[in-house]
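# Reading the structure
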Amino acid sequence: MRWERAVADGLSADVSHAFGFFGGTLCGIREVGMSPSACGWLPERQNACGACLEVAVVVDDRWPQAMRGEDARVSVARRL
């Protein structure tokens, strides 16, 4: 899994969400000022969002096998 943890003032600290694309989580939550953190999102953690995990599995399965290793991380950058 190559996902960053989503951070935003409006997100609950009890659930860890994966930052997706276009300023939202993989499960569809959007908060003003949301961004990816410097830390990875770990789906094996007990507080990981189940809906984010479902989407992450689908997206990751679409990546070519050669691009799934530790060195294949893709970072999402926002344009200002």
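For the structure given in this document, a descriptive report is provided here.

Scoring rules and cut-offs
- Residues numbered from 1 in each chain as written.
- Predicted model: local features only at pLDDT ≥ 70, side-chain atom pairs only at ≥ 80, totals over all residues.
- Heavy atoms only, no water.
- Helix = DSSP H or I, 4+ residues; strand = E, 2+ residues; numbered from the N terminus.
- Buried < 20%, exposed > 50% of the residue type's maximum accessible area, 1.4 Å probe, protein only.
- Contact = heavy atoms within 4.5 Å.
- Expected span 1.5 Å × (residues − 1).
- Arc of directions from axis to C-beta.

This part takes up the overall build of the chain. The number of helices and strands found in the chain is one helix and two strands. Put simply, the chain runs from its N terminus to its C terminus through helices and strands in the order β-β-α. Residues counted as buried form 30% of the 80 residues belonging to the chain. When contacts within the chain are restricted to residue pairs at least 6 apart in sequence, those whose partners lie at least 24 apart make up 56%.

All right, on to the side chain of His17 then. Considering the arrangement of structural elements, one finds His17 in the loop between strand S1 (4-7) and strand S2 (35-40). Discounting residues that sit within four places of it in the chain, His17 has contacts with Glu4, Arg5, Ala6, Leu11, Thr25, Cys27, Ile29, Trp41, Cys49 and Cys52.

Turning our eyes to something else, we now look at the environment of Leu53. Topologically, Leu53 is positioned in helix H1 (residues 50-62). For Leu53 and Cys27, which are 26 residues apart along the polypeptide, the C-alpha to C-alpha distance reads 8.4 Å.

With that settled, the discussion passes to the environment of Val57. Within the secondary structure layout, Val57 lies in helix H1. It is 9.8 Å that separates the C-alpha atoms of Val57 and Pro43, two residues lying 14 residues apart in sequence.

Its 13 residues place the ends of H1 19 Å apart at the C-alpha level, agreeing with the 18 Å of an ideal helix rising 1.5 Å per residue. The set of residues buried in H1 consists of Cys52, Ala56 and Asp60. The arc that holds every buried residue of H1, seen down its axis, measures 60 degrees, which confines them to one face. What points out from H1, more than 90 degrees from its buried face, is the exposed set Glu54 and Arg62.

Another point: the environment of Phe21. By the secondary structure assignment, Phe21 is in the loop between S1 and S2. Separated by 15 residues in the primary sequence, Phe21 and Pro36 have C-alpha atoms spaced 9.7 Å apart.

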